[in-house]
Amino acid sequence: MPIVDNAVYVAGRRIENPASLEETFEYMRSRGGMAWIGLFRPTPEEIQQVAAEFSLHRLAVEDALSGHQRSKLERYDDILFAVLRPARYMDDTESVEFGELHVFVGPDFIVTIRHAESPDLARVRQRLEATPELLALGPEAVLYAILDQVVDEYQPVVAGVENDIDEIEDVLFTGGDTALSQRIYELSREVIVFQRATQPLAGMLESLLRGGDKYNVDVELQRSLRDVHDHSLRITDRIASFRSILENALTVNATLVTQRQTDTALVQNEQVKKISGWAAILFGPTLVGTVYGMNFRYMPELDWPLGYPLAVALMAATSVTLYAVFRKKHWL
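### Some details on the overall build of the protein chain
A count of helical and extended segments in the protein chain gives 9 helices and 9 strands. Buried residues in the protein chain amount to 41% of all 332 residues. Taking as baseline every contact in the protein chain between residues at least 6 positions apart, the subset at least 24 positions apart corresponds to 65%. Total accessible area on the protein chain is roughly 18,200 Å²; 54% of this is exposed by carbon and sulfur atoms.

Below, the structure written as structure tokens:
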């Protein structure tokens, strides 16, 4: 069993470190404590074993087995099932890595099934064990601390994405390029996934707050949940603004690329006009010279004394006329 940590708490203090789930149940029954079991990437068989011991609802177990769930909070009788999508920013690849965390919250137990490196649940456990008065509030306090940790770990991700957007804007306002579109697409995809992970959090926390009085949740714990709710709303708003900025950046970059391609085409067109103009100017003298260079015997102009100067004048006049026409049309 890939148990990261397994402990029984009484009055907010760790009293036992069971070596197996069987021992956990024995200590819970004999001491009347709360069990907190942390699993990391368990197999389906191991999840089924935990589900059988805690009588977890089959639908929640199916979600935990299938994975790839969206963030959500569901209640099955007296057991809460939460799916969270933690995230962390990878500095080496400038990308966001998303994980998945399943949390089962019962009257006297909490089971966490983690499928990624984040969130850092060891920090959550250390924080709660350092404040036994908070941990004494029961599994709901553990759920609050986990939600708080997940939302806190979103902050570096928001900062990393914001830095990536700043870099994109720097490149964009210096002219942009075709490769920038690919980077914007990739970051937009990450922001969309980020938005899907965080957007349901506000509704989940609101649901917990609505049920606070019904399930006798401590007043201070409800206030702490409201604080997490406020943080999640701010993060959700930031992510929504990121998505809008990236959509605008993509539009601006496409416009700049199109404008640059148009400018290039215009320059090429001007060059073609100049080449065509000079070719036409040279064509007139060439035509006259070609006719007179045919050396036919019976050509009246060959015996005409003014034939040569008139031919030269005709070539010059043709060239000057064509040059004047092309200059007027701004081809030259």
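What follows continues from the structure just given.
### Here we look at the pairing of strand S8 (residues 101–105)
Of all 5 residues making up S8, 5 are buried, and the element is well covered by its neighbours. As judged from the 5 bridges shared by strand S5 (residues 79–84) and S8, these two strands associate in the antiparallel manner. In the strand pairing of S8, Leu80 is matched with Val105. Bridge count for S8 against strand S9 (residues 109–114) is 5 bridges, and the pairing is antiparallel.

### Looking at the pattern of salt bridges
The full count for this structure, using the stated rule, is 13 salt bridges. Put simply, Arg58 and Glu62 hold a salt bridge, and the shortest N to O gap is 3.7 Å. Here Arg58 pairs with Glu62, and both are found in helix H3 (residues 58–66), just 4 residues apart, close to one helical turn. The exposure class assigned to Glu62 is partly exposed, which follows from its relative accessible area of 43%. The residue Asp148 makes a salt bridge to Arg127 at a minimum N-O spacing of 2.9 Å. With a gap of 21 residues between them, Asp148 in helix H6 (residues 139–172) and Arg127 in helix H4 (residues 121–130) connect regions that are remote in the sequence. Connected via shared salt-bridge partners are Asp5, Arg14, Arg125 and Glu129.

Criteria and thresholds
Residues numbered from 1 in each chain as written. Predicted model: local features only at pLDDT ≥ 70, side-chain atom pairs only at ≥ 80, totals over all residues. Heavy atoms only, no water. Helix = DSSP H or I, 4+ residues; strand = E, 2+ residues; numbered from the N terminus. Buried < 20%, exposed > 50% of the residue type's maximum accessible area, 1.4 Å probe, protein only. Contact = heavy atoms within 4.5 Å. Areas by Shrake-Rupley, 256 points an atom, 1.4 Å probe, with all protein chains shown as cover. Pairing = 2+ DSSP bridges. Salt bridge = Lys/Arg side-chain N within 4 Å of Asp/Glu carboxyl O.

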